[in-house]
Amino acid sequence: MGVTKELVEASLTSKLNPVHLEVIDTSGGCGASFAVEIVSEQFEGKRLLERHRIVNAALEQEMKEIHALSIKKTQTPQQWKPASQDSATTPTTDA
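Residue numbering note: each chain is counted from 1, following its sequence as written. With pLDDT at 70 or above as the cut-off, local features in this predicted model cover only qualifying residues; side-chain atom pairs require 80 or more to be listed or tallied, and sums for whole chains, interfaces and linings still use all residues. Values reported for side chains reflect all heavy atoms of the structure, with hydrogen atoms and water molecules removed beforehand.

Looking at an unreviewed UniProt entry, one finds the protein named Protein BOLA2 and attributed to Cardamine amara subsp. amara. Listed in UniProt under the heading Sequence similarities (unreviewed entry), the comment for the protein reads: "Belongs to the BolA/IbaG family." UniProt positions are given in the numbering used here, feature names are shortened, and annotations may be inferred rather than shown by experiment.

Quick look at the structure:
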């Protein structure tokens, strides 16, 4: 059996302790391709490439079976909160 979304989530959660994590199985259920969005304090002070390496290292065992991993976002909680607050406080106008 291939890697599951739940397995990817469990590995990232246990190793990176994210405050936000979204894993999407983009393979149609076979576990060969995933998209990841993750917010973790472990990214503090790290450049984008270093953050991606941290995610890949956290999924070292799973990567042996994953064909493609798309890392959409790797943010610190401070980077993530302003975006979350903006969308929550932006007034909507009904036409």
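Draft legend 1. Seen up close, the pattern of salt bridges. Salt bridges, as used here, are contacts in which a Lys or Arg side-chain nitrogen is within 4 Å of a carboxyl oxygen on Asp or Glu. If you walk through the whole model with that rule in mind, you get one salt bridge. Of the charged contacts, one joins glutamate 9 and lysine 5 as a salt bridge, the two residues approaching to 3.8 Å between their closest N and O atoms. In this pair, glutamate 9 and lysine 5 both sit in helix H1 (residues 5-16), four residues apart, roughly one turn of the helix. Judged by relative accessible area, glutamate 9 falls into the partly exposed class, the value being 24%. Comment: elements are numbered from the N terminus, with helices defined as DSSP H or I runs of at least four residues and strands as E runs of at least two. Summary of the burial criterion: residues with accessible area below 20% of their type's maximum are buried, those above 50% are exposed, and those between are partly exposed, where the area comes from a 1.4 Å probe applied to protein chains only.

Draft legend 2. Structural context of the packing of H1 against helix H2 (residues 48-58). As a rule, the C-alpha atoms of each element are fitted with a line to give its axis, helices using only the stretch in contact, and angles between N-to-C directions run from 0 to 180 degrees. Put simply, H1 and H2 touch, their axes get as near as 9 Å, and they point 115 degrees apart. Crossing handedness for the pair H1 and H2: right-handed. Between H1 and H2, the contacting residues are Ser11, Leu12, Lys15 and Leu16 on the first element and Ile54, Val55 and Ala58 on the second. Looking at the contact of H1 with H2, its residues break down into five nonpolar, one polar and one charged. When the near helix sits turned anticlockwise from the far one by under a right angle, the crossing is termed left-handed; a clockwise turn instead gives a right-handed crossing. Contact between two residues is taken to exist if any of their heavy atoms lie within 4.5 Å; hydrogens are not considered. Side-chain classes follow a simple rule in which Ala, Val, Leu, Ile, Met, Phe, Trp, Tyr, Cys and Pro form the nonpolar group, Asp, Glu, Lys and Arg form the charged group, and the remainder, Gly included, forms the polar group.

Draft legend 3. Geometry of the sheet that holds strand E2 (residues 33-39). At least two bridges found by DSSP between two strands is the condition for calling them paired. Spatially, the three strands line up as an open sheet ordered E1-E2-E3, and their pairing is mixed. For this open sheet the edge positions go to strand E1 (20-25) and strand E3 (68-75), each flanked by a neighbour on one side alone. Between one strand axis and the next, the sheet turns by 10 degrees as a mean value, whatever way the strands run. As judged from the six bridges shared by E1 and E2, these two strands associate in the antiparallel manner. Looking across to E2, one finds that valine 23 is bridged to valine 36. Packed on one face of the sheet, H1 meets E1 and E2 and runs near 155 degrees to E1. Along the sheet, H2 makes contact with E2 and E3, crossing E3 at roughly 125 degrees.

Draft legend 4. Main features of the nonpolar core. Working definition of a nonpolar core: buried Ala, Val, Leu, Ile, Met, Phe, Trp, Tyr and Cys residues. They are joined through side-chain atoms within 4.5 Å. If you look at the biggest cluster of nonpolar residues, it comprises 15 residues, and the most contacted ones within it are Val8, Leu12, Leu16, Phe34, Ile38, Val55 and Leu69. Breaking this core down by element, the ones donating at least two residues are H1, E2, H2 and E3. Apart from the residues lying within four places of it in its own chain, the contact partners of leucine 12 are Asn17, Pro18, Leu21, Val23, Val36, Ile38, Val55, Ala58 and Leu59.

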